[in-house]
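# Chains, contacts and geometry: an overview
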Amino acid sequence: MHPPTEQTAPASQPTRAPRITLRSDLRASWLDGLIALVITGALFALIWSRIKSRASDTATVMPFMADDPEAFWLYFLSQAFGWSALLWAWITVLFGLLLSGRRPSWLRISGTRLERLHRTTSLNTIVLIAAHALLFAAELVRFDDDSWPAATWTAFVEAFVPGGYQTGTGRIAIPVGQAALYLAIPLGLLFYVRHRIGPKTWRVMHRFVIAVYVLSVWHTLLYGTNVWYDGWFRTAIWLLQIPVALLLLTRLVRPARRSEKLPTVAEASSKSLWGVRLTGRLAAAGVVAALLAVVLSGHDGGRQHPPEDTSSSHEHD
């Protein structure tokens, strides 16, 4: 008998990372979503207590809600989802800017983990915005005296069709919020079809995610009855925009991709492209300066003094 010959082990193949899919990210987002729901519940309790004690601006804008808060719990829940959606959008934007720029040395989280958090918070932001809009529509249905089909249709038009809401500040604020929702869905989901549209196209379109956040903040400042008048709560919203603007400026000045760096005029292959990139950097610096001026001065566009009669300043039809 011949001794057994030693067989050569086949060369190990490099392991391929599992493909990231929408389903896998939805499964991974459960903890993030649970935290969002807990925070939404805490915000609901805070809003309720502030309304009941008449400490909230909402009680001044719509005093009938403070007289009978139990009747308007759905509206308060919609507000709570709106605030948590804004918070999650803020977190998502911060994660995205940290990913696309040179990450600071103090950030002790891996790029892979940061990228996953960016994706899961993005998905939950879409859910939170949608819940905010649906609850607002449900509140409109509750206070409509028409039949259920007619009331539901009216609420759908007012909550989801641009120009459908025709009352007060909502004529501008509601379409702004709708734009945030309708942009968030495709821009947040394009990542999962980037292999079909091409990575370059996806990167260009993904940059417009910042527009969703800007629209969300704009909608809040226009229509958030909790921050209707000047005060520390409204100023805090402006204060939270400073780190976003600073990270955006850092992202533009020190991009992670070499191709996105601002070359000298002599090195630039296209003078128009060089001008666009320089304008973007100057605009970001201007935003930082404007935010600092707003926070330091306290003049942020809020109403300075409540009118004597606020019963019609914010209709609730």
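Notes on the structure in this doc start here. (Residues numbered from 1 in each chain as written. Predicted model: local features only at pLDDT ≥ 70, side-chain atom pairs only at ≥ 80, totals over all residues. Heavy atoms only, no water.)

Per the counting criterion, the structure on display carries 5 salt bridges. Across the salt bridge formed by Glu 139 and Arg 142, the nearest N and O atoms sit 3.1 Å from each other. Highlighted residues: Glu 139 and Arg 142, both in helix H6 (residues 111-142), separated by 3 residues, approximately one helical turn. With relative accessibility at 1%, the residue Glu 139 sits in the buried group. When its relative accessible area of 40% is taken as the criterion, Arg 142 is described as partly exposed. Residues joined by salt bridges that share partners form a network here, namely Asp 25, Glu 115 and Arg 119. (Salt bridge = Lys/Arg side-chain N within 4 Å of Asp/Glu carboxyl O. Helix = DSSP H or I, 4+ residues; strand = E, 2+ residues; numbered from the N terminus. Buried < 20%, exposed > 50% of the residue type's maximum accessible area, 1.4 Å probe, protein only.)

So, on to the side chain of Gln 79. Relative to the assigned elements, Gln 79 resides in helix H5 (residues 73-100). At 2.8 Å, the side chain of Gln 79 and the side chain of Thr 225 are in polar contact. Apart from the residues within four sequence positions on either side, Gln 79 is in contact with Ile 47, Thr 58, His 132, Thr 225 and Asn 226. (Polar contact = N/O pair within 3.5 Å; in protein donor to acceptor, adjacent residues only side chain to side chain. Contact = heavy atoms within 4.5 Å.)

This part takes up the packing of helix H11 (residues 209-223) against helix H12 (residues 232-253). In the contact formed by H11 and H12, the axes pass within 11 Å of each other and the chain directions differ by 165°. With respect to H12, the element H11 is oriented roughly antiparallel. Every pair of crossing elements has a handedness; the one defined by H11 and H12 is left-handed. In this structure, H11 contributes Ile 210, Tyr 213, Val 217, Thr 220 and Leu 221 to the contact, and H12 contributes Arg 234, Ile 237, Trp 238, Gln 241 and Val 244. Residues that form the contact of H11 with H12 fall into these classes: 7 nonpolar, 2 polar and 1 charged. (Axes fitted to C-alpha atoms, helices over the stretch in contact; angles between N-to-C directions. Parallel < 35°, antiparallel > 145°, perpendicular 65-115°, else oblique. Left-handed = near helix turned anticlockwise from the far one by under 90°. Nonpolar A, V, L, I, M, F, W, Y, C, P; charged D, E, K, R; others polar.)

Let's shift gears to empty space enclosed by the protein. With the rule as written, the count across this model stands at 4 cavities of 30 Å³ or more. Volume-wise, the largest cavity comes out at about 460 Å³. If you go around the largest cavity, you meet 25 residues; those closest to its centre are Gly 82, His 132, His 219, Thr 220 and Tyr 223. Looking at the lining of the largest cavity, the elements that each hand over two or more residues are H5, H6, helix H8 (170-189) and H11. (1 Å grid on protein atoms, 1.4 Å probe; cavity = no way out; pocket = protein on both sides within 12 Å on 5 of 7 lines; lining within 4 Å. Points joined across faces, edges and corners; volume = space filled by probe spheres on them.)

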